[in-house]
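An overview of the molecular structure
This is what each chain is made of:
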Amino acid sequence: MLFIYTFFFFFKQKTAYEMLRSLVGSEMCIRDSSRTLQRSTLRLSKTLWGVPEADHPEMWDGMFQRIKAEGFDGVEAIRPFYTRDPALLRQLLDKHDLSLIIQIHTTGGGFSANGEYEYCTSNKLDDHCRSFSALCTEAAELGPVMINSHSGHDSWGSDHRAVEFLLKAIEVEQQLGVPIVHETHRQRLLYSPYTAAPLLAHPELRGKIKLNADLSHWCCVCEHVFDASDPRDDFWAPVLTAVAEHCHLVHCRVGHAEGPQINHPDAPEHAQDLAAHLSWWKTIWKAQADRGLAEIWAEPEFGPAPYLQTLPFTQQPVSDLWEVNKRVAELIVENFASLEAEHN
């Protein structure tokens, strides 16, 4: 989720993913399985994080055409992508019938004097409130279906600063008339299940705040992949239920006990990590359908290095990022379709 899309170059290589595909045969099309549950429709968003073409407006038309052809319904983008040529962006999104999700980073979104992207530059409540309001107002002008916010600072825990920020965020959301979700992300307000749970249960916030559930970060923070059947994790089922009750977007990246991203979704050494995340996503999607959401948004969100593992010295990526996210999209659709089969 962090930083910029195009400071990463992918070398053409024979990856483990490509070799695996040659063994298992042809892959399923993202559109092959049903994407409806009760009265809810699954919508897939494509992250532009790590997509080199995103930095070149002259390449956007072809990029969006490919994204649409692969079965995606929208894209998610951060600054400076959506500020580079807003009119062209809106024109091409409409041309290819793609929705827009805008990701913002409170007290971030700019660049330092040496050209580095600034992600989070303050731990002060007032700074984050001002930044949130300004960034959301800017984003709303592009007509997004949703704004995804990396909100606040992890040092606040679940104290009065966290509550005050989220109450302010609710006001901004109501003023703009655009759904705003807060991501469960490291460094940020909802960085841990242990601090998020009290906020979701807070009487002034419960049922009012919206989440983007990226549960891979919680696995990394806690150095643990949660298992509700383990007595140690007896807290997990109610926390996941609370997340599901507030969730409007799932960032579908698979984490593990020592990091926010496994090397490949089909890697056998991470089969248990994948199974855990798939079960969590399914719990969330069922809760969203039960709430009557017309659209259930999910986004394969594996990212480039340093999230994506690389070989030492050469820094060559161990997997093809575009193909990995395409594979995750297939798993999302398969998992969602199995939920519909269970419902029927």
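Let me sum up the structure you'll find in this document. (Residues numbered from 1 in each chain as written. Predicted model: local features only at pLDDT ≥ 70, side-chain atom pairs only at ≥ 80, totals over all residues. Heavy atoms only, no water.)

1. What about the pairing of strand β7 (residues 146–150)?
Across the five residues of β7, five count as buried, placing the element largely inside the fold. Burial of the side chains of β7 extends over both faces: Met146, Asn148 and His150 are buried on one face and Ile147 and Ser149 on the other. With five bridges connecting them, strand β4 (residues 99–105) and β7 associate as parallel partners. Residue isoleucine 104 lies in a different strand from β7, and its bridge partner there is serine 149. Each parallel crossover has a hand, and for β7 linked through helix α6 (residues 160–176) to strand β8 (residues 180–183) it is right-handed. (Buried < 20%, exposed > 50% of the residue type's maximum accessible area, 1.4 Å probe, protein only. Helix = DSSP H or I, 4+ residues; strand = E, 2+ residues; numbered from the N terminus. Pairing = 2+ DSSP bridges. Right-handed = clockwise from strand over helix to strand, strands pointing away.)

2. Structural notes on the packing of aromatic side chains
Scanning the entire structure with this criterion turns up 14 aromatic pairs. Judged by centre distance (5.3 Å) and plane angle (50°), the rings of tyrosine 194 and phenylalanine 235 are tilted. With tyrosine 194 in helix α7 (residues 193–201) and phenylalanine 235 in the loop between α8 (216–222) and α9 (236–246), this pair connects stretches of sequence that are 41 residues apart. Three or more aromatic residues link up through ring pairs in this structure, and these residues are Tyr194, Trp218, Phe226, Phe235, Trp236 and Trp280. Its end group placed over the ring of tryptophan 322, lysine 46 keeps NZ or CZ at 3.7 Å from the ring centre. Over the ring of tryptophan 322 we find arginine 66, and its NZ or CZ is 3.8 Å from the ring centre. (Phe/Tyr/Trp six-rings, centres within 6.5 Å; stacked < 30°, edge-to-face > 60°. Lys NZ or Arg CZ within 6 Å of the ring centre and 35° of its normal.)

3. Considerations on the packing of α9 against helix α10 (residues 271–290)
At a minimum axis distance of 9 Å, the contact between α9 and α10 shows a crossing angle of 45°. Between α9 and α10, the crossing angle belongs to the class labelled oblique. In this structure, the crossing between α9 and α10 has a hand that is right-handed. Between α9 and α10, the contacting residues are Trp236, Leu240, Val243 and Ala244 on the first element and Trp280, Thr283, Ile284 and Ala287 on the second. (Axes fitted to C-alpha atoms, helices over the stretch in contact; angles between N-to-C directions. Parallel < 35°, antiparallel > 145°, perpendicular 65-115°, else oblique. Left-handed = near helix turned anticlockwise from the far one by under 90°. Contact = heavy atoms within 4.5 Å.)

4. A look at helix α11 (residues 321–343)
The end-to-end C-alpha distance of α11, which contains 23 residues, comes to 33 Å, matching closely the 33 Å that a straight helix rising 1.5 Å per residue would cover. Of all 23 residues making up α11, 18 are buried, and the element is well covered by its neighbours. The N-terminus of α11 is capped by aspartate 320, whose side-chain oxygen sits 3.2 Å from the backbone nitrogen of tryptophan 322. (Expected span 1.5 Å × (residues − 1). Polar contact = N/O pair within 3.5 Å; in protein donor to acceptor, adjacent residues only side chain to side chain.)

5. So, helix α5 (residues 125–140)
Between the first and last C-alpha of α5 there are 22 Å, a value that for 16 residues agrees with the 22 Å anticipated at 1.5 Å per step. Along α5, the positions that sit buried rather than exposed are Leu125, His128, Cys129, Ser131, Phe132, Leu135, Cys136 and Ala139. For α5, the secondary structure elements touched by its buried residues are β4, β7, α6 and β8.

6. Let's talk about the side chain of threonine 184
Among the structural elements, threonine 184 can be located in the loop between β8 and α7. Judged by its relative accessible area of 1%, threonine 184 falls in the buried class. Within the local environment of threonine 184, its side chain forms a polar contact with the backbone nitrogen of aspartate 214, the two atoms lying 2.9 Å apart. Once you skip the residues sitting within four places of it in the chain, threonine 184 turns out to touch Leu190, Asn212, Ala213, Asp214, Leu215, His217 and Trp218.

7. Remarks on the environment of histidine 105
Position of histidine 105 relative to the elements: it lies in strand β4. Take histidine 105: its relative accessible area is 2%, and that puts it in the buried class. Spatially, the C-alpha atoms of histidine 105 and asparagine 148 are 8.7 Å apart, while their sequence positions differ by 43 residues. Of note is the side chain of histidine 105, whose polar atom sits 2.7 Å from the side chain of glutamine 103. There is a polar contact of 2.8 Å between the side chain of histidine 105 and the side chain of tyrosine 117.

8. Considering the side chain of aspartate 273
Relative to the helices and strands, aspartate 273 is located in helix α10. Within the buried set, aspartate 273 has no salt-bridge partner at all; the shortest N-O distance to an opposite charge, 12 Å, is to arginine 253. Every residue in contact with aspartate 273, bar those within four places of it in the chain, is listed here: Val225, Val254, Gly255, His256 and Ile262. (Lys, Arg positive; Asp, Glu negative; His and termini not counted. Salt bridge = Lys/Arg side-chain N within 4 Å of Asp/Glu carboxyl O.)

9. Concerning the packing of α5 against α6
Remark: α5 packs on α6, axes separated minimally by 10 Å, with the N-to-C direction vectors making an angle of 20°. As far as their axial angle goes, α6 and α5 are roughly parallel. At the point where α5 passes α6, the crossing takes the right-handed sense. For the pair formed by α5 and α6, the contact residues are Leu125, His128, Cys129, Phe132, Ser133, Cys136, Thr137 and Ala140 on the first element and Arg161, Glu164, Phe165, Lys168, Ala169, Val172 and Leu176 on the second. Residue composition of the contact of α5 with α6, by class: nine nonpolar, three polar and three charged. (Nonpolar A, V, L, I, M, F, W, Y, C, P; charged D, E, K, R; others polar.)

10. Some thoughts on the nonpolar core
Counting 89 residues, the largest nonpolar core has Phe64, Phe81 and Trp285 as its most contacted members. With ten residues, α11 is the largest single contributor of residues to this core. Among the nonpolar cores identified, the runner-up in size contains five residues, and Ile101, Met146, Leu249 and Trp297 belong to it. (Core = buried A, V, L, I, M, F, W, Y, C linked by side-chain atoms within 4.5 Å.)

11. Concerning unusual backbone geometry
Geometrically, the link from arginine 79 to proline 80 is a cis peptide bond, its omega value of 5° lying close to zero. Along the polypeptide, proline 80 turns up in the loop between β3 (74–77) and α3 (81–84). A cis amide bond links alanine 305 to the next residue, proline 306, at an omega of 10°. By secondary structure assignment, the location of proline 306 is in the loop between β11 (295–300) and α11. One non-glycine residue, glutamine 187, lies in positive phi territory at about 75°. With respect to the element layout, glutamine 187 can be found in the loop between β8 and α7. Given a relative accessible area of 39%, glutamine 187 falls into the partly exposed group.

Scope: geometric values only; no functional claims are made or implied.
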